[in-house]
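# Observations on chain architecture
Take a look at the letters that make up each chain.
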Amino acid sequence: MEGSFGSEFGGAAGAGGGKLDPGLIMEQVKVQIAVANAQELLQRMTNKCFRKCIGKPGSALDNSEQKCIAMCMDRYMDAWNTVSRAYNSRLQRERANM
């Protein structure tokens, strides 16, 4: 699997004189972190809303379960967005005060 390492991080060792682009690596790491965070968010939301809305799992969701799931997911995302905005705002204020 040595070849896949080089392709994931800006090309094989022979490309560009064997130098890896730190900026490119940093961007790829940021993307991987963002994907992992999105997957975790979806997993937590799914678990919480499933426990809240599905009393007895079956082959299909009834109308009330569908509505509960939709409302639960909307509320979860709204809350997450609110917390995320507040957190980012606080980070920006703290960086400005440094």
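Everything below is about the structure printed above this text.
Read on for an overview of the structure. Here the structure is a predicted model, which is why all the values come from computation and not from measurement.

Reading the values: the criteria
- Residues numbered from 1 in each chain as written.
- Predicted model: local features only at pLDDT ≥ 70, side-chain atom pairs only at ≥ 80, totals over all residues.
- Heavy atoms only, no water.
- Salt bridge = Lys/Arg side-chain N within 4 Å of Asp/Glu carboxyl O.
- Helix = DSSP H or I, 4+ residues; strand = E, 2+ residues; numbered from the N terminus.
- Buried < 20%, exposed > 50% of the residue type's maximum accessible area, 1.4 Å probe, protein only.
- Core = buried A, V, L, I, M, F, W, Y, C linked by side-chain atoms within 4.5 Å.
- Contact = heavy atoms within 4.5 Å.
- Expected span 1.5 Å × (residues − 1).
- Disulfide = S-S within 2.5 Å.

One pass over the structure, following the stated rule, counts three salt bridges. Between Glu-27 and Lys-30 there is a salt bridge whose closest N-O contact spans 3.8 Å. A residue pair is termed a helical-turn pair when its members lie 3 or 4 positions apart in one helix, as Glu-27 and Lys-30 do in helix 2 (residues 22-53) at three residues. For the salt bridge of Glu-40 with Arg-44, the shortest nitrogen-to-oxygen distance reads 2.7 Å. One end of the pair is Glu-40 and the other is Arg-44, both in helix 2 and four residues apart, which spans about a single turn. Glu-40 gets classed as partly exposed once you look at its relative accessible area, which sits at 38%.

A separate point is the nonpolar core. With nine residues, the main nonpolar core is built from Leu-41, Met-45, Cys-49, Cys-53, Ile-54, Cys-68, Ile-69, Cys-72 and Tyr-76. Within the residue set of this core, elements represented by two or more residues are helix 2 and helix 3 (63-96). Beyond its immediate sequence surroundings of up to four residues, Ile-69 is in contact with Cys-49, Phe-50, Cys-53 and Ile-54.

Attention now goes to helix 3. In this model, helix 3 (34 residues) spans 49 Å end to end at C-alpha, consistent with the 50 Å of a helix rising 1.5 Å per residue. For helix 3, every residue scored as buried is listed here: Glu-65, Cys-68, Ile-69, Cys-72 and Tyr-76. Residues of helix 3 that are buried make contact with helix 2.

The next point concerns the state of the cysteines. Scanning the model with the defined rule gives two disulfides in all. Covalently, Cys-49 is tied to Cys-72 through a disulfide, its sulfur atoms 2.0 Å apart. Between Cys-49 and Cys-72 the disulfide shows an S-S torsion of about -85°. By sign, it is left-handed. Of the two residues, Cys-49 sits in helix 2 while Cys-72 sits in helix 3, which places them 23 residues apart along the sequence. Note on Cys-49: relative accessible area 1%, which makes it buried. Paired by a disulfide, Cys-53 and Cys-68 hold their sulfur atoms 2.0 Å apart. Linking Cys-53 and Cys-68, the disulfide has an S-S dihedral of approximately -70° and is accordingly described as left-handed. Placement of the pair is Cys-53 in helix 2 and Cys-68 in helix 3, with a sequence separation of 15 residues. For the chain, numbering the cysteines in disulfides from first to last along the sequence yields the connectivity 1-4, 2-3.

Quick look at helix 2 now. A rise of 1.5 Å per residue sets the reference length of helix 2, with its 32 residues, at 46 Å; its end C-alpha atoms lie 46 Å apart and thus fit the reference within 8%. Those residues of helix 2 lying buried are Leu-41, Met-45, Cys-49 and Cys-53. Along its buried surface, helix 2 packs onto helix 3.

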